[in-house]
Amino acid sequence: MIQQNVQLQHVLSRECVSKKAYSAFNLFWAVSTVMTRQNLVPMLVTEKGGETETRMSPALIPLWDMANHAEGKITTIFNGETNCIESTTLRKCQRGEQIFIFYGPRSNADFLIHNGFVYAKNVHDCVPIRLGLSSMDQLVTERSDLLKELNIVVSGELNLLSAPQFISPELLAFVRVFNMNREQLDHWLSNDRAMDLLHTDCALDTQVELKTWKFLETRLMLLLKAFPTTLEEDQALQSGPKLGHIRNILLQFRIGEKQILHDALEYVKQRVKT
């Protein structure tokens, strides 16, 4: 069965919304269906002056754009000689079997929003955590300078990753910089090995390293406690009575998010112990 976009009109009962509202929902669904199936392909464009250049243009590709996603690698290319899109299967297929393609390294949040499904055991899944420096921090300038040198946002979202990575290099480096004192900041600002802060096994002051992992432990515990249900309760719901297509997708997404948080917390706790 071809994976469909989440149809918002099914979330509300027909008795609760007007015909006009349902027309709007149908329009949104139709637009999103087309937008999620378009792909950029090179096309020759002739300018007013007669010059011809190649530009990337959105296009719908019959049959190919209906293939479902599976983990693998991108096997689609544009053949300039034949002026065609060419795609190879991810594995050998028997007659009558469904053909899958790899949509790209996307998180389940991207899949849910743009494609209307959640991919189980998505190795590219992540959970964003919003962090930022305070303008009231006396060392905000030094911290900002070091983060900019590391190409890390001063305020924004940094990712927790699926196992076995757990903590993204950018998230780890941000928390390290966040927990440094003036002397430590000055040391790394004058050090040509500042990029080492992105690595788990960076030679770092023991005090800063302990603060870093304790900070992450506390933050992850708070994020998990913010959910009204536990991971185990959600997993029990998943194996219980059928919830319906949309509710099941949303539950699956929530379970995946909690699993990443839970796994990252266990990893961080081990780092704290060592």
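Everything discussed here concerns the structure shown above.
Computed from a predicted structure; not experimentally measured.

This structure, assessed with the given rule, holds seven aromatic pairs. Note on Phe174 and Phe178: the rings are 6.4 Å apart at their centroids and 15 degrees apart in plane angle, and the pair reads as stacked. Pair noted here: Phe174 and Phe178 are both in helix α4 (residues 169-178), with a separation of four residues, about one helical turn. A relative accessible area of 30% means that Phe178 is categorised as partly exposed. The interplanar angle of 55 degrees and the centroid separation of 5.3 Å between the aromatic rings of Phe178 and Phe215 together place this pair among those described as tilted. With Phe178 in helix α4 and Phe215 in helix α6 (residues 206-225), this residue pair connects regions lying 37 residues apart in the sequence. An aromatic cluster of three or more residues is present, and its members are Tyr103, Phe111 and Phe117.

This next bit is on a nonpolar patch on the surface. On the surface, a cluster of nonpolar side chains totalling about 400 Å² of accessible area is made up of Leu27, Phe28, Val31 and Met35. Examined against the element boundaries, Met35 turns out to sit in helix α1 (residues 19-35). For Met35, a relative accessible area of 47% puts it in the partly exposed group.

Bridge count between strand β1 (residues 38-46) and strand β2 (residues 52-60): nine bridges; the pairing is antiparallel. Considered in β2, the bridge of Thr46 is made with Thr52. Hairpin connection, β1 to β2: the antiparallel pair is bridged by five residues, and Gly50 has positive phi, about 95 degrees.

Structurally, the position occupied by Asn108 is in helix α2 (residues 108-115). Taking the C-alpha atoms as reference points, Asn108 and Asp234, 126 residues apart in sequence, are found 17 Å from one another. Setting aside chain neighbours within four positions, we find Asn108 in contact with Phe117, Val118, Tyr119, Asn122, Asp125 and Phe253.

For the second largest pocket, the calculated volume is near 330 Å³. In this structure, the second largest pocket is lined by 19 residues; those nearest its centre are Ala120, Lys121, Asn122, Gly256 and Gln259. Broken down by class, the residue content of the lining of the second largest pocket amounts to eight nonpolar, eight polar and three charged.

What follows concerns the environment of Ser87. Structurally, the position occupied by Ser87 is in strand β5 (residues 84-87). Classification of Ser87 as partly exposed rests on a relative accessible area of 32%. The sequence separation of Ser87 and Gln165 amounts to 78 residues, and the corresponding C-alpha distance is 31 Å. At 3.3 Å, the side chain of Ser87 forms a polar contact with the side chain of Trp64.

So, about the environment of Glu149. Mapped onto the secondary structure, Glu149 falls in helix α3 (residues 140-149). Sequence separation of Glu149 and Pro42 is 107 residues, and the distance between their C-alpha atoms is 36 Å. In contact with Glu149, other than residues within four places in its own chain, are Leu189, Asn191, Ala194 and Met195.

A word on α2. Within the sequence span of α2, burial applies to Asn108, Phe111, Leu112 and Asn115. The buried residues of α2 all sit within an arc of 115 degrees when viewed along its axis, so they share a single face. For α2, the elements touching its buried residues are β3 (68-69) and α8 (245-273). In the segment just after α2, Gly116 is the residue with positive phi, at about 80 degrees.

Their axes nearest at 9 Å, the elements α6 and α8 cross at an angle of 150 degrees. In terms of axis orientation, α6 runs roughly antiparallel to α8. The interaxial crossing formed by α6 with α8 has left-handed handedness. Contact residues: Glu209, Leu210, Trp213, Lys214, Leu216, Glu217, Leu220, Met221, Leu223 and Leu224 in α6; Lys258, Leu261, His262, Ala264, Leu265, Tyr267, Val268, Lys269, Arg271 and Val272 in α8. Of the residues assigned to the contact of α6 with α8, the class counts are 13 nonpolar, one polar and six charged.

Here the focus is the pattern of salt bridges. Tallied over the full model, the rule gives nine salt bridges. A salt bridge links Glu53 to Arg55; its shortest N-O distance comes to 2.7 Å. Glu53 gets classed as partly exposed once you look at its relative accessible area, which sits at 36%. The exposure class of Arg55 is partly exposed, given its relative accessible area of 38%. Between Glu97 and Arg91 there is a salt bridge; the shortest N-O distance is 3.6 Å. With relative accessibility at 45%, the residue Arg91 sits in the partly exposed group. One continuous salt-bridge network, built from bridges that share partners, spans Asp234, Arg254 and Lys258.

Parameters at a glance
Residues numbered from 1 in each chain as written. Predicted model: local features only at pLDDT ≥ 70, side-chain atom pairs only at ≥ 80, totals over all residues. Heavy atoms only, no water. Phe/Tyr/Trp six-rings, centres within 6.5 Å; stacked < 30°, edge-to-face > 60°. Helix = DSSP H or I, 4+ residues; strand = E, 2+ residues; numbered from the N terminus. Buried < 20%, exposed > 50% of the residue type's maximum accessible area, 1.4 Å probe, protein only. Patch = residues over 30% accessible without salt bridge, like charges linked within 9 Å, V, L, I, M, F, W, Y side chains within 5 Å. Areas by Shrake-Rupley, 256 points an atom, 1.4 Å probe, with all protein chains shown as cover. Salt bridge = Lys/Arg side-chain N within 4 Å of Asp/Glu carboxyl O. Pairing = 2+ DSSP bridges. Contact = heavy atoms within 4.5 Å. 1 Å grid on protein atoms, 1.4 Å probe; cavity = no way out; pocket = protein on both sides within 12 Å on 5 of 7 lines; lining within 4 Å. Points joined across faces, edges and corners; volume = space filled by probe spheres on them. Nonpolar A, V, L, I, M, F, W, Y, C, P; charged D, E, K, R; others polar. Polar contact = N/O pair within 3.5 Å; in protein donor to acceptor, adjacent residues only side chain to side chain. Arc of directions from axis to C-beta. Axes fitted to C-alpha atoms, helices over the stretch in contact; angles between N-to-C directions. Parallel < 35°, antiparallel > 145°, perpendicular 65-115°, else oblique. Left-handed = near helix turned anticlockwise from the far one by under 90°.

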